[in-house]
Amino acid sequence: MISHTTSGESSSASEILCSNLAEGIHAAAQPLTVLLASLSRCNTDRMNSDELRELTASSAVQVQRVCTFFSGLQQLVMAESIKPQLSPTPILPVLAYAVDGVNLVFQQNGITLSSVVPETCPPVLINRALTLQALSRVLLVVYGLSGVQDTVELITSSSANAVQIVVRNLHLPVAVINPEASLSLAVAEANMRSQQAGLSLSLQPFTVRIDLPKAPLAD
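**Points about the overall build of the protein**
Phase 1 of the analysis: Looking only at helices and strands, one finds 6 helices and 8 strands in the protein.
Phase 2 of the analysis: Across the protein, helices and strands are ordered from the amino to the carboxyl terminus as β-α-α-α-β-α-β-β-α-β-β-α-β-β.
Phase 3 of the analysis: Partitioning the contacts of the protein with sequence separation of at least 6, the portion at a separation of at least 24 is 74%.
Phase 4 of the analysis: When the accessible area of the protein is evaluated, it comes to approximately 11600 Å², of which 57% is carbon and sulfur surface.

**Quick word on the layout of surface pockets**
Phase 1 of the analysis: Empty space within the largest pocket amounts to approximately 210 Å³.
Phase 2 of the analysis: Considering the residues around the largest pocket, the lining is formed by 13 residues, among which Thr68, Arg137, Glu180, Ala181 and Ser184 are closest to the centre.
Phase 3 of the analysis: Among the secondary structure elements, those contributing two or more residues to the lining of the largest pocket are α3 (49-81), α5 (128-145) and α6 (179-193).
Phase 4 of the analysis: When grouped by side-chain class, the residues that make up the lining of the largest pocket number 5 nonpolar, 6 polar and 2 charged.

**Points about the pattern of salt bridges**
Phase 1 of the analysis: If you walk through the whole model with that rule in mind, you get 3 salt bridges.
Phase 2 of the analysis: Taking the shortest distance from any N to any O, the salt bridge between Arg193 and Glu189 comes out at 2.9 Å. With Arg193 and Glu189 both in helix α6 and 4 residues apart, the pair spans about one turn of that helix.
Phase 3 of the analysis: Under the relative-accessibility criterion, Glu189 is labelled buried at 1%.
Phase 4 of the analysis: When the shortest N-O distance is used, the salt bridge between Asp211 and Arg209 registers 2.9 Å.

Thresholds, definitions, all that
Residues numbered from 1 in each chain as written. Predicted model: local features only at pLDDT ≥ 70, side-chain atom pairs only at ≥ 80, totals over all residues. Heavy atoms only, no water. Helix = DSSP H or I, 4+ residues; strand = E, 2+ residues; numbered from the N terminus. Contact = heavy atoms within 4.5 Å. Areas by Shrake-Rupley, 256 points an atom, 1.4 Å probe, with all protein chains shown as cover. 1 Å grid on protein atoms, 1.4 Å probe; cavity = no way out; pocket = protein on both sides within 12 Å on 5 of 7 lines; lining within 4 Å. Points joined across faces, edges and corners; volume = space filled by probe spheres on them. Nonpolar A, V, L, I, M, F, W, Y, C, P; charged D, E, K, R; others polar. Salt bridge = Lys/Arg side-chain N within 4 Å of Asp/Glu carboxyl O. Buried < 20%, exposed > 50% of the residue type's maximum accessible area, 1.4 Å probe, protein only.

Structural data, given as structure tokens:
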């Protein structure tokens, strides 16, 4: 699960979403209210063609933001209801694929993505597709909160019963996570929870930790 603190203590993603959801819905609804007033006939009848084109362009941006937010809510509902099939899976290729999928975006915006993984790692009991989606979401959330010349680290280690994946930006203290990032993290957390895995979060410095259960040893 995910929780939300400012002192480095881990918290739960679903809790972060709950605390920010009202703000997110308000942020999504407010531009619609403004848009509705802007598109009223008494307003548009006074506009010339240039003003109407400008209104259309700005309206498209607002509508796209709302569509993206509610698409995220739909994905969260789906993630909460899914019962994935789990199988023993080598995690290192999944990590490499996730990093490769976002590395170009990081490079184009002057952010370094550093992956530190062991030479070998025990297989984990996961659904590969859902785990890859969750990893990609986490990496993109951290990317979105990072600045030029920042370094984002992905560090993998192994304990007795689990494989830990830590994604962090040590130069990024975050007091508040925006609703879109909270929603994306909540979907990732739901994906992890559906696999009996865990996702925790601390804000100072910004760190996301994923715990994947090791696959049982074959008889």
